[in-house]
Structures are given as structure tokens and as C-alpha cells.
Amino acid sequence: MLPRGRPRALGAATLLLVVVVVVGFFLFGRDPEYGLQATATLDGDPYGSRNRSTSDLQPLLPPKCEVGVPSQLLHVAIVCAGHNSSREVITLVKSVLFYRKNPLHLHLVTDAVARSILETLFRTWMVPAVIIRFYDAEELKPLISWIPNKHYSGLYGLMKLVLPSILPLSLARVVVLDTDVTFSSDIAELWALFAHFSDKQVIGLVENQSDWYLGNLWKNHKPWPALGRGFNTGVILLQLDRLRQSGWEQMWKLMAKRELLTLQATSLADQDVFNAVIKEHPELVHPLPCVWNVQLSDHTLAERCYLEAADLKVIHWNSPKKLRVKNKHAEFFRNLHLTFLGYDGKLLRRELFGCPSQLPAKAEQLQQAMSQLNEEEPCFEFRQQQLTVHRVHITFLPHQPPPPRPHDVTLVAQLSMDRLQMLEALCRHWPGPMSLALYLTDAEAQQFLHFVETSPVLSARKDVAYHIVYREGPLYPVNQLRNVALAQALTPYVFLSDIDFLPAYSLYDYLRASIEQLELSSLQRKAALVVPAFETLHYRFSFPNSKAELLTLLDAGSLYTFRYHEWPQGHAPTDYARWREAQAPYRVQWAADYEPYVVVPLDCPRYDPRFVGFGWNKVAHIIELDAQEYELLVLPEAFSIHLPHAPSLDISRFRSSPTYRDCLQAFKEEFHQDLSRRYGAAALKYLTALQPSQSRA
């Protein structure tokens, strides 16, 4: 059963797991003939001797969070590098958090990419009773770079060897995990197995569930030395204090150098070295029950474990194929993993059970602010949405930063699941870098991942950075999304667009040339370059290749200036009549409700996050640019065209709800008050923007 207060269901995977537990109990019970002896022999069939469940061992669980009882902090170390590995870590952490009842300290050895991703994620996730400490993987590379490694993990696969040297000397014990494992039990049960170590045992491992180290998988297969089938290092218990005292660093280095004289390279990274040491010093290892590392490699023999064990604790996808591995029970394990992949991470923000948990400082401040809101106020849901901090996973997919160029431009936009179909066309129109924020649930994020991987157009683009902002609350946080995408842009200039606009095919090159010709960077000129916006009402539409073709379509009624019929003041100051004849950039003046699409320096003002849902979100940003004395320069050859689509939920609510419109007016007034405090008398001209506006489409 799930603990009281836990999410009620994990779906079909948990149901199947319960069936396995019940069937296993009735088939095997606790009869010694079938199970599961606490001590392990190192020869013969390893599985009958090692898959006693941890309940048979009657472990002394570490104190959990209960009133009057100090909760024990459990330490977990993980090596993580790159975009894909970062995604794996998040799923692993979700599974650990779901079952845990103790505070956790995560020790993360990361490269710069993974650190940036995970720092942002944990800062915005705000999970109580979780401490994060990062260690720079670059500093560790010289310690292990002398070891040739044929494993796909590269140097990062060897870094677990140096954990005793780099983790704090005050730390006596740590659980070490690969990124490709999934928990289905409380990690405290694993931690409790430290109590079964003898005085000499310093490393807890599950036996390798394949014949790899027996050397009989194929002809001329020569593995590193190991004791019997050897041990798998996807899950390790390290008794750090004793390990240091035993001279671990000298021990593993000596063993590695000796074996490399004949074997030339490791095949399974750190696992080969650990096994070579254990072969020489078997007294160091404490064999763990097989349920704590059920291995799904290509040649797995794990069936001998999970068909006899009453409950499985950790699933390990130790194959380069990961979830695509072929195994007759893989579908069951895959469902278990996918459950956590799509699990709503915000549910894991709950406090530990039994006693209060220390919240991150930001979370405490938000909790106080939320408690001061009046639920009876008409604009309550708006104010609640404004205070919401969303989990953010930056660079969700592999991304190659653009090379430094002084006039380069990143297209910045945001979208939700119902606009994914716009991405391929956008990639065809804009060959330059993009930074896109996507507002998705955890499950939708996995659908998006599949969408990109199966699209030839999207999968070919490595200069598009996708940032997932996880959905929470009833209103679309449009400006918060824009700010996430804007903060992750890496070029000197940004084109602030919307996902339902297609830029002219030549716009990327034209913008870079215009920035250079206008000498914006050398003159430190504060300018916002206006890209005139048009729209078509036709779903089937032949996109113009030039300004001349666009004007022909405009005159024929196939195109219109954007929102000409419903909201003309939004783009009227662009002066489209002048643009038709213009040969050079021309300056326009700010006017009430003006909301053009612009190219600005990366350090431009951020969007005001109080504007959620529909209305005035871009208008407020243009006011801020004008208040900071940005010139508004219209580019004579630039254009972007809006494509038709179904209306969003927020615009429908704006049209139908007087309360919605009243709240928007209230936020306009609050925005102007803040503007007056920042800019004084210079902000008086924006008073006209506060007049109640006609309904917008």
C-alpha cells in the first residue's frame, strides 16, 4: 500500500507489481527451499543464494521523520553528464522521492551542461528536505583519464572510483546510483543494509546478472577478472570511512595499472576495476539481495531473481538500448519506469510524513505570500498564478550553442502542446538559433520528446534549445514562459516572436545584416527593431518569398496587417503605408496598446510576470522598452506572417468573462503604479494605456 497521504495510484505498472508480489507470496511464501538466504556463496547458482528480500534480513531502518525522533539524513551520490543523462537523473530522483520518508542529501558529480540543467530544476522544484551539492566533473577527469575505456559512458563511467576521495571526509556512508535505475521502494531500506556489513566489508553490491565475467558470451571474449559472475555497480553501498582507511585509492589504481598491461582498456568502465579489486580482496564486498539491482541488459539472467523474489526494489536499465532492450518481461518493467517518467513532479513537493520538513527559503516565502491571498477576491486565481513557481527543465534535448558572432540573433518564443505542429514550419523558415519555452505536463514532455525524435526536420536541428516549464495552475503564464526562453538565449540579440508566426525566409540573414549596418553594437545604440506583422485567414497559403510578393498578396486580400479588423491599435504605429514605400529603417513613436514584434539586445527588460492568461502581456513589455528610451525602428524588408489556428482557452475566457477583463484592467493599473515609482514623471504619458479597451479577438 502507498503510505497515507501519498498519491493514490501509479497506474497499471503498480497494479502489475502488486500482482507479482501477491503471486510470489502465495507461490513461495518464506519456505527456505525457495528462498532466499541472507549469506551468499560465490560459486554455483548466485540467484537462489542472494535474492532474499530485505524484509527477511529484518533491517533496522534509519529513523524517519516522526514527532520527537530526529530523522536521519541519507546521502546519495550520482555521476551525471549531458542532456540525456540529466533527464534520466530526474526520473530516478522522482522514483526515490515518491517512496522516501527521510531527508536526502544528493551529491551530484556533473559536467557544466548537467549542472546548469539540474541547478535550475532543483531551484524551481523546491522539494522539501532535499539538499543538493555539486562536484565539478572536469576536475576529476585527470584522476581517471589515464584509463582507456571502451564503454559508452566514457570518462564519466570511471568517476565512481574516485568518490571516496572527493566526497567530504565527514561523510561515512553513501549510496551510489547509476542514472538509469528506477526505484520501487523506500531508499531507506537500502540504506539499512549497511547494518549488515562485517567489520571488513566496505562495498555493498548485487551480483552481475549475466555471464559477462564468465567470458563465454562469444568467441575470444576476454573480460576483466571477477569473482564468479562478478558484481554490477549500478547500485553501490560505500562505507567511506573504512574504505579510506583500507587504502582504497592506492588499491584500485594498482589493480587497474596491472590489468591494463594485458587488457588495454576497460569494457564496463568502473565496474571492471571494482571487480578486479574484489577478486583480489573478496573480504571487502558485502553481497546485496538481487532485488536491489534487477539488471535488464541484453544478456540478462535477472529472471532467476524476479521470479523468486517477493518484491523488486530497483530496476536497472543497464543496456545501451535502455527502454528498447529486448526482454520477455521488459514491457512490465518499462511500464513501471514510464509511470515515473510521466509522474507529476509537483506532487513530490509535499512535506515528509510525521513531522514538519524544512522548506527551501523561496518556498517558505511563497507559502507566506499565498496564505495572504483572499480566496474570495474575484482575481484570486490570477494572483495565485502570478505567485506560482514552475519547475523548469532548461535544454530538455541535446543542444549545441551557436558559435560567437557579434550580430547573431536568437528567435525567442513560447508554446503549449496544441502548437507543436508549428515547429517544423518554423524550423524551415528560421535557420538560426532558437530558444523556445514549452508549457507541458510531465507526460506531455515525453510526448514532445517522441515528437522531436521522430521528426526529420526537428531532430536535425541542434541549435534549437527547448525549455520545459511544467504546467501548474489554471491560467497560461505567458510572460513567465517568455522570460525562461529569453534567459536561455545565447546570442547578443533576440527576436521576440510568437510561435504562430512564420518569419520571412530571408529574415534571419536580414536581421543580422541590419544590426551590423545600423552599428547597434558599436554605438551602444538602444534600439528595438520592429518586424512588421501580417496575417492570413487561409490554412492553405503560399508564403511570399519577398516584400514585393507580400504586397501583391496584401493588395489581393489574401493577407492583412495583423489584427487589422479586431485590434488595429496593436500594430497601427508601425505605419504600414510608409512601410510599403520605405527603403531604409524609419523611426516610429510609441502609442497606447502598441505591441510589435521586435529585435532587441539580449539584456533588454524582461516581461512583466503579473500578466498571465490573455491580454496586455506584450503591450507592457513595449512600454518598458519605451520607458528605457529604446528607439523603435521599423525595418523596411522585414516581415512575419501569423497563421490561423483555433483560439486558446484564455482568449475564450477573456471574451466571455467580465471578471476576467476587470482583473486585467486592475493589473494594468498596478503595472502603471509600479512604472511611476521606477520612472517618475516620465511615466505619465503611459496613462492613456490605462483607458478601458475594446474587446479584442
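Residues numbered from 1 in each chain as written. Predicted model: local features only at pLDDT ≥ 70, side-chain atom pairs only at ≥ 80, totals over all residues. Heavy atoms only, no water.

Asks: I'm lost on the overall build of the protein chain in this one. Help?
Replies: Within the protein chain, the regular secondary structure consists of 24 helices and 23 strands. The buried share of the protein chain, taken over its 697 residues, is 57%. The contacts of the protein chain with a sequence gap of at least 6 include a subset with a gap of at least 24, amounting to 79%. Accessible area of the protein chain: about 29,600 Å², with a carbon and sulfur share of 54%. (Helix = DSSP H or I, 4+ residues; strand = E, 2+ residues; numbered from the N terminus. Buried < 20%, exposed > 50% of the residue type's maximum accessible area, 1.4 Å probe, protein only. Contact = heavy atoms within 4.5 Å. Areas by Shrake-Rupley, 256 points an atom, 1.4 Å probe, with all protein chains shown as cover.)

Asks: Looking at this structure, I do not really get the sheet that holds strand S3 (residues 130–136). What am I missing?
Replies: Think of a sheet as strands paired side by side through backbone hydrogen bonds, with each pair either parallel or antiparallel. Read across the sheet, seven strands follow the order S3-S2-S1-S4-S7-S6-S8 without closing on themselves; strand pairing throughout is mixed. Every interior strand has two partners, whereas the edge strands, S3 and strand S8 (285–287), have only one. Averaged over neighbouring strand pairs, the angle between their axes works out to 25° when direction is ignored. In this sheet, strand S2 (residues 104–110) lies alongside strand S1 (residues 74–80) in parallel orientation, the contact comprising seven bridges. The partner of Leu-74 across the bridge, within S2, is Leu-104. On top of the sheet, helix H3 (residues 82–99) reaches S1, S2, S3 and strand S4 (173–177); it is set at about 160° to S1, its chief contact. Across the face of the sheet, helix H10 (residues 270–280) comes into contact with strand S6 (203–207), strand S7 (231–239) and S8 while running at roughly 65° to S7. (Pairing = 2+ DSSP bridges. Axes fitted to C-alpha atoms, helices over the stretch in contact; angles between N-to-C directions.)

Asks: Would you explain the state of the cysteines in this entry?
Replies: Among covalent bonds in proteins, the disulfide is the one between the sulfur atoms of two cysteines. Across all of its chains, the model carries two disulfides by this definition. Across a sulfur-sulfur distance of 2.0 Å, Cys-290 and Cys-305 are joined as a disulfide pair. Linking Cys-290 and Cys-305, the disulfide has an S-S dihedral of approximately 85° and is accordingly described as right-handed. In this pair, Cys-290 is assigned in the loop between S8 and strand S9 (294–295) and Cys-305 in helix H11 (residues 303–306), connecting sequence segments 15 residues apart. Neither residue differs from the other here; Cys-290 and Cys-305 are each classed as buried. (Disulfide = S-S within 2.5 Å.)

Asks: Help me out: how do you make sense of the environment of Leu-554 in this one?
Replies: Tracing the backbone shows Leu-554 in helix H20 (residues 547–555). For Leu-554, a relative accessible area of 18% gives the class buried. The spacing of Leu-554 and Phe-534 is 20 residues in sequence and 8.9 Å in space, taken between C-alpha atoms. Among residues more than four places away in sequence, those in contact with Leu-554 are Phe-534, Leu-559, Tyr-560, Thr-561 and Arg-580.

Asks: I would appreciate a short explanation of the packing of aromatic side chains in the present structure.
Replies: Aromatic rings in a pair are described by how distant their centres are and how their planes are angled relative to each other. For the structure shown, the criterion picks out 30 aromatic pairs. Centre to centre, the rings of Trp-430 and Phe-495 are 5.8 Å apart; their planes meet at 35°, and the pair counts as tilted. Residue Trp-430 is found in the loop between helix H15 (422–429) and strand S13 (434–440), and its partner Phe-495 is found in strand S15 (residues 493–496); the two are separated by 65 residues along the sequence. The exposure classification of Trp-430 matches that of Phe-495, with both residues buried. A centroid spacing of 5.5 Å and a plane angle of 75° characterise the contact between Tyr-505 and Phe-543, whose relative ring orientation is edge-to-face. Of the two residues, Tyr-505 sits in the loop between strand S16 (501–503) and helix H19 (507–517) while Phe-543 sits in the loop between strand S18 (533–535) and H20, which places them 38 residues apart along the sequence. Accessibility expressed as a relative area gives 11% for Phe-543, which makes it buried. Ring pairs connect the aromatic residues Phe-382, Phe-614, Phe-654, Tyr-660 and Phe-667, which therefore count as one cluster. Arg-87 extends its terminal NZ or CZ atom over the ring of Phe-396, reaching a point 5.4 Å from the ring centre. Positioned above the aromatic ring of Trp-146, the side-chain terminus of Lys-257 is 5.6 Å from the ring centre. (Phe/Tyr/Trp six-rings, centres within 6.5 Å; stacked < 30°, edge-to-face > 60°. Lys NZ or Arg CZ within 6 Å of the ring centre and 35° of its normal.)

Asks: So what exactly am I meant to see when it comes to the sheet that holds strand S10 (residues 314–316) here?
Replies: The strand order across the open sheet built from three strands is S5-S10-S9, with neighbouring strands paired in mixed fashion. Only two strands of the sheet have a single neighbouring strand rather than two, namely strand S5 (181–183) and S9. In the packing of helix H12 (residues 330–341) onto the sheet, the strands contacted are S5, S9 and S10, and the crossing angle to S5 comes to about 80°.

Asks: Could you clarify how one ought to interpret the environment of Thr-561 in this entry?
Replies: Mapped onto the secondary structure, Thr-561 falls in strand S19 (residues 560–561). Thr-561 sits in the buried class, given a relative accessible area of 16%. For Thr-561, the contacting residues outside a window of four places in its chain are Ala-533, Phe-534, Glu-535, Leu-554 and Tyr-576.

Asks: Help me out: how do you make sense of the pairing of strand S21 (residues 597–601) in this one?
Replies: In the case of a regular strand, side chains alternate between the two sheet surfaces. Across the five residues that make up S21, a large majority, five, are buried. In this sheet, S21 lies alongside strand S17 (residues 527–531) in antiparallel orientation, the contact comprising three bridges. When the bridges of S21 are listed, Leu-529 appears paired with Val-599.

Asks: I keep staring at the packing of helix H23 (residues 649–656) against helix H24 (residues 658–679) and nothing clicks. Help me out?
Replies: Between two packed helices, what matters for the description is the angle formed by their axes and the separation of those axes. At a closest axis distance of 5 Å, the pairing of H23 and H24 adopts a crossing angle of 100°. Classified by the angle their axes make, H23 and H24 are roughly perpendicular. Residues Asp-650, Arg-653, Phe-654, Arg-655 and Ser-656 of H23 pack against Pro-658, Tyr-660, Arg-661 and Leu-664 of H24. Taken together, the residues that form the contact of H23 with H24 break down as four nonpolar, one polar and four charged. (Parallel < 35°, antiparallel > 145°, perpendicular 65-115°, else oblique. Nonpolar A, V, L, I, M, F, W, Y, C, P; charged D, E, K, R; others polar.)

Asks: Please explain the layout of surface pockets as it appears in this structure.
Replies: Rolled over the atoms, a probe sized like a water molecule indicates the empty space that remains. In this structure, the second largest pocket occupies an estimated 1,100 Å³ of space. Lining the second largest pocket are 47 residues, with Arg-419, Asp-500, Phe-614, His-645 and Ser-648 sitting closest to its centre. Sorting elements by how many residues they give to the lining of the second largest pocket places H23 first, with four residues. Along the lines of polarity and charge, the residues of the lining of the second largest pocket split into 21 nonpolar, eleven polar and 15 charged. (1 Å grid on protein atoms, 1.4 Å probe; cavity = no way out; pocket = protein on both sides within 12 Å on 5 of 7 lines; lining within 4 Å. Points joined across faces, edges and corners; volume = space filled by probe spheres on them.)

Asks: Would you take a moment to explain the nonpolar core for this structure?
Replies: Generally speaking, soluble globular proteins have nonpolar side chains that are buried together. Within the largest apolar cluster, 112 residues are counted, with the highest numbers of intra-cluster contacts made by Leu-436, Phe-448 and Phe-495. Here Leu-436 is in contact with Leu-411, Ala-413, Leu-415, Leu-423, Val-464, Ala-465, Tyr-466, His-467, Ala-485 and Ile-499, once residues within four sequence places are set aside. The next biggest cluster of nonpolar side chains, apart from the first, holds 57 residues, and it includes Leu-106, Trp-292, Leu-312 and Phe-333. (Core = buried A, V, L, I, M, F, W, Y, C linked by side-chain atoms within 4.5 Å.)

Asks: I would appreciate a short explanation of the pairing of S4 in the present structure.
Replies: Burial analysis of S4 places four of its five residues in the buried class, which makes it a mostly covered element. Looking at chain direction, S1 and S4 are connected through three bridges and run parallel. From the neighbouring strand, Ile-78 faces S4, where its bridge partner is Leu-177. Bridging between S4 and S7 involves five bridges; their strand directions are antiparallel. Within S7, the position partnered with Val-174 by the bridge is Leu-238.

Asks: Just checking my understanding: could you explain H10 for this structure?
Replies: Given 3.6 residues per helical turn, the α-helix brings residues three or four places apart onto the same face. In terms of residue burial, H10 counts as a mostly covered element, since nine of its eleven residues are buried. Summarising the contacts, the buried residues of H10 are in contact with S6, S7, helix H9 (248–263) and S8.

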